[in-house]
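# Topology and contacts: notes
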Amino acid sequence: MVGRFFSGFSATRSRRSAPVGAVPADERVYAIGDIHGRADLLEDLLVQIEADDAARSPANSTAIFLGDLIDRGPESAQVVQRLMDLGAGSDRVRFLMGNHEEVFLKALAGNLKALAFFVRIGGKATILSYGVSEGDYDASDYPELLERLQASVPQAHVDFLNGFEDMIEIGDYVFVHAGVEPGVALSAQKPQTLRWIRDEFLHHREPFERIVVHGHTVSDEVEERRHRIGLDTGAFASGRLSAMGFEGANRWILQTGGALA
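Remember, it's a predicted structure, so these values are computed and weren't measured experimentally. Once a new chain begins, its residue numbering starts again from 1 and follows that chain's sequence as written. Since the coordinates come from a predicted model, pLDDT governs what is reported: local features require at least 70, and pairs of side-chain atoms require 80 or more to be given and counted, while whole-chain, interface and lining totals use all residues. Hydrogens and water are ignored here; the side-chain numbers use all heavy atoms of the structure.

As a per-residue measure, pLDDT tells how confident the predictor is, with possible values from 0 to 100. For the protein chain, per-residue confidence averages 92 on the pLDDT scale, and 92% of positions sit at 70 or higher. Note on contacts: a residue pair is in contact if any heavy atoms of the two residues lie within 4.5 Å. Low pLDDT, under 50, characterises residues 1-16; the stretch is placed with 60 contacts to residues that sit more than four places away or in other chains.

This is how it looks when you write it as structure tokens:
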């Protein structure tokens, strides 16, 4: 992905009590849902986004990855490397910290409890993607597995993941991984909430300060409601990786397998 898609980008907008759903003039945003180790789907979607961006009128475009690049799917290491390369030296490609990245980083820092939890939530696929063999994985206890994992993950990947953001506000939208705590100002949201919240956020029906664009919770199709938009369509299992484009007051869906009007 090259060209105008990666020119300079900066966006802020005053808050509204009842957001209508728009981004500032001359800007275009693409938000990409949870990839979970599906490098094949990521490549398909990147091609779609680049073609979509090129087919539209010139704008200051950016891409926001909503987190959970890793786990469950077979190529987490490859996804991390691809996106690290994609975003190198650019402020036009931005990344949100997912709960899976959080646990992965805690495990890499030496937390054995985090490593055990990481394995339970799909981390085995990530460990294997970094070159640990199935035999070594099966033969290792947690301290041994931690040593193998730490030796296998490049420090550049650790630094890249540690640099992820928790929240991005653009126009009438706020982009987070999991959601926001109802009744709490965006400026007061806790990283733990933004990476992990589920039911309290999903069951809330009233408007937030901004329309919340999120991943984290799988749905069969993109969930588009007046106060939130969910883009996690379970790519690791469904083969459907979803993104949404935003320009002015318009928005549209892009998915592996084809674009939706």
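Here the narrative resumes, following the displayed structure.
The next subject is helix H1 (residues 39-55). Residue pairs spaced three or four apart in an α-helix point in one direction, given the helix's 3.6 residues per turn. For helices the rule is a DSSP run of H or I covering at least 4 residues; for strands it is a run of E covering at least 2, with both sets numbered from the N terminus onward. By definition here, a helix of n residues has an expected span of 1.5 Å times n minus one. Over its 17 residues, H1 runs 24 Å from end to end, which matches the ideal 24 Å to within 8%, given 1.5 Å per residue. For the exposure calls, accessible area comes from a 1.4 Å probe over protein chains only, and a residue counts as buried if that area is under 20% of its type's maximum, exposed if over 50%, partly exposed in between. Of the residues making up H1, those classed as buried are Ala39, Leu41, Leu42, Leu45, Leu46, Gln48, Ile49, Asp52 and Asp53.

In a regular helix each residue adds 1.5 Å, so 18 residues correspond to 26 Å; helix H4 (residues 112-129) covers only 20 Å between its end C-alpha atoms and thus falls short of that length. Along its length, H4 shows its largest kink, about 100 degrees, at Gly122. Listed as buried for H4 are Ala114, Leu115, Ala116, Phe118, Val119, Ile121, Gly122, Gly123, Ala125, Thr126, Ile127 and Ser129. Packing partners of the buried residues in H4 comprise helix H2 (76-87), helix H3 (99-108), helix H5 (134-139) and helix H6 (142-152). The backbone nitrogen of Lys113 has a side-chain oxygen 3.0 Å away, supplied by the residue at the start of H4, namely Asn111. Note on H4: the residue one or two positions beyond its end, Gly131, has a positive phi of about 100 degrees. In this scheme, the bend at a residue equals the angle between the axes fitted to the seven residues that finish there and the seven that begin there. Throughout this description, a polar contact denotes any pair of N or O atoms lying within 3.5 Å of each other; where both atoms belong to protein, one of them has to be capable of donating a hydrogen while the other can accept it, and for residues adjacent in sequence the pair is counted only when both atoms sit in side chains.

Here we take up the packing of aromatic side chains. Stacked, edge-to-face and tilted labels apply to pairs of Phe, Tyr and Trp rings (six-membered ring for Trp) whose centres lie within 6.5 Å, assigned for plane angles under 30 degrees, over 60, and everything in between, in that order. This structure, assessed with the given rule, holds 12 aromatic pairs. The interplanar angle of 20 degrees and the centroid separation of 5.3 Å between the aromatic rings of Phe65 and Phe95 together place this pair among those described as stacked. Of this pair, Phe65 sits in strand S2 (residues 60-65) while Phe95 is found in strand S3 (residues 93-95), placing the two residues 30 residues apart along the sequence. Judged by relative accessible area, Phe65 falls into the buried class, the value being 1%. We classify Phe95 as buried; its relative accessible area is 7%. Pairwise contacts between aromatic rings join Phe65, Phe95, Phe160 and Phe164 into one cluster. Note on geometry: a ring has a charge over it if NZ (lysine) or CZ (arginine) is within 6 Å of the ring centre and within 35 degrees of the ring normal. Between Arg56 and the ring centre of Trp252, over which it is positioned, the NZ or CZ distance is 3.6 Å.

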